[in-house]
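Single-letter residue listing:
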Amino acid sequence: MDKVSHRKFVHQTTKKALATVIMAGPFENIYAMSDNSIFIHHVYFWLNSPESREDFEELVAGLRKLSAVKTIKTFYIGKPADTNRDVIDRSYSVSWLLLFNNKADQDSYQTDPVHLKFVDECKHLWKKVVVYDTVNV
């Protein structure tokens with residue numbers, strides 16, 4: 001058997017791991033899309049000072065702490081993508097996408113002490129919040 005350099009081993013292993021993640025992703029999404037009980041909660045935040053990197057980072061740090069709520073199935077923190085079409089709204093600063101197993105879990109999240117603490121500690125950062133809740137049709 002040929003000897004493989006450490007660098008080549010790491011490179012090959014990383015490629016295989018990445019391919020596995022890429023292949024697994026769509027199946028997970030298909031499951032989520034086919035599960036009729038999934039509840040999606042998508043929150044958009046407009047910062048009081050959108051040019052402030054510190055405020056942006058403080059909000060993101062707060063959301064990461066908030067992700068500890070037990071009823072959250074999965075979450076995603078994002079910022080506006082660099083896309084420009086008439087139908088795209090890039091005016092927000094941060095988006096917070098949450099998936100719950102069902103509406104009851106989302107309702108529990110709303111009154112969870114971790115969520116209430118997040119609102120109390122971070123509400124000074126935003127001037128506007130818009131929420132879109134969705135369920136399967």
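In what follows, the structure referred to is the one given above.
Let us look at the structure shown here. (Residues numbered from 1 in each chain as written. Predicted model: local features only at pLDDT ≥ 70, side-chain atom pairs only at ≥ 80, totals over all residues. Heavy atoms only, no water.)

1. A short note on the overall build of the protein
- Looking only at helices and strands, one finds four helices and four strands in the protein.
- Along the protein, helices and strands appear, N-terminal first, in the series α-β-α-β-β-α-α-β.
- Counting the 137 residues in the protein, one finds 31% classified as buried.
- Of the contacts made within the protein by residues no fewer than 6 positions apart, 75% connect residues no fewer than 24 positions apart. (Helix = DSSP H or I, 4+ residues; strand = E, 2+ residues; numbered from the N terminus. Buried < 20%, exposed > 50% of the residue type's maximum accessible area, 1.4 Å probe, protein only. Contact = heavy atoms within 4.5 Å.)

2. Remarks on the packing of helix H3 (residues 103–111) against helix H4 (residues 113–122)
- Where H3 meets H4, the closest approach of the two axes is 5 Å, and the angle between their N-to-C directions is 50 degrees. Here H4 runs oblique to H3, going by the angle between their axes. Note on element contacts: H4 touches H3 through Pro113, His115 and Leu116, opposite Tyr109, Gln110 and Thr111.
- Grouping the constituent residues of the contact of H3 with H4 by class yields three nonpolar, three polar and no charged. (Axes fitted to C-alpha atoms, helices over the stretch in contact; angles between N-to-C directions. Parallel < 35°, antiparallel > 145°, perpendicular 65-115°, else oblique. Nonpolar A, V, L, I, M, F, W, Y, C, P; charged D, E, K, R; others polar.)

3. Points about the packing of helix H2 (residues 53–66) against H4
- Where H2 meets H4, the closest approach of the two axes is 9 Å, and the angle between their N-to-C directions is 170 degrees. Considered as vectors, H2 and H4 are oriented roughly antiparallel to each other. On H4, the residues touching Glu58, Leu59, Gly62, Leu63, Lys65 and Leu66 of H2 are Val114, His115, Phe118, Glu121 and Cys122.
- Of the residues assigned to the contact of H2 with H4, the class counts are six nonpolar, two polar and three charged.

4. Digging into the sheet that holds strand E1 (residues 39–47)
- Reading across the sheet, the four strands line up as E2-E3-E1-E4 and stay open at both edges, with antiparallel pairing between neighbours. Edge positions in the open sheet fall to strand E2 (72–78) and strand E4 (126–135), since each of these has one partner strand only. Each adjacent strand pair in this sheet contributes to an overall mean axis angle of 15 degrees, direction not counted. (Pairing = 2+ DSSP bridges.)

5. With respect to H3
- Taken residue by residue, H3 has Asp105, Gln106 and Tyr109 as its buried positions. In an axial view of H3, the angular spread of the buried residues amounts to 100 degrees, which keeps them on one side of the axis. More than 90 degrees from the buried face of H3, the exposed residues found are Lys103, Ala104 and Thr111.
- Considering only its buried residues, H3 is in contact with E1, H2, E2, strand E3 (94–100), H4 and E4.
- The backbone nitrogen of Ala104 lies 3.2 Å from a side-chain oxygen of the residue at the head of H3, namely Asn102. (Arc of directions from axis to C-beta. Polar contact = N/O pair within 3.5 Å; in protein donor to acceptor, adjacent residues only side chain to side chain.)

6. Concerning the side chain of Ser52
- Structurally, Ser52 is set in the loop between E1 and H2.
- Polar contacts involving the side chain of Ser52 include one to the main-chain amide nitrogen of Asp55, which spans 3.0 Å.

7. Considering the nonpolar core
- Formed by 21 residues in total, the largest nonpolar core has its most connected members in Phe45, Leu59, Leu63, Val94, Trp96, Tyr109 and Phe118.
- Taken together, the elements giving at least two residues each to this core come down to E1, H2, E2, E3 and H4.
- Ranked by the residues each element gives to this core, the list is headed by H2, at five residues.
- Not counting the four nearest positions on each side in its chain, Leu63 is found in contact with Phe45, Ile77, Val94, Trp96 and Phe118. (Core = buried A, V, L, I, M, F, W, Y, C linked by side-chain atoms within 4.5 Å.)

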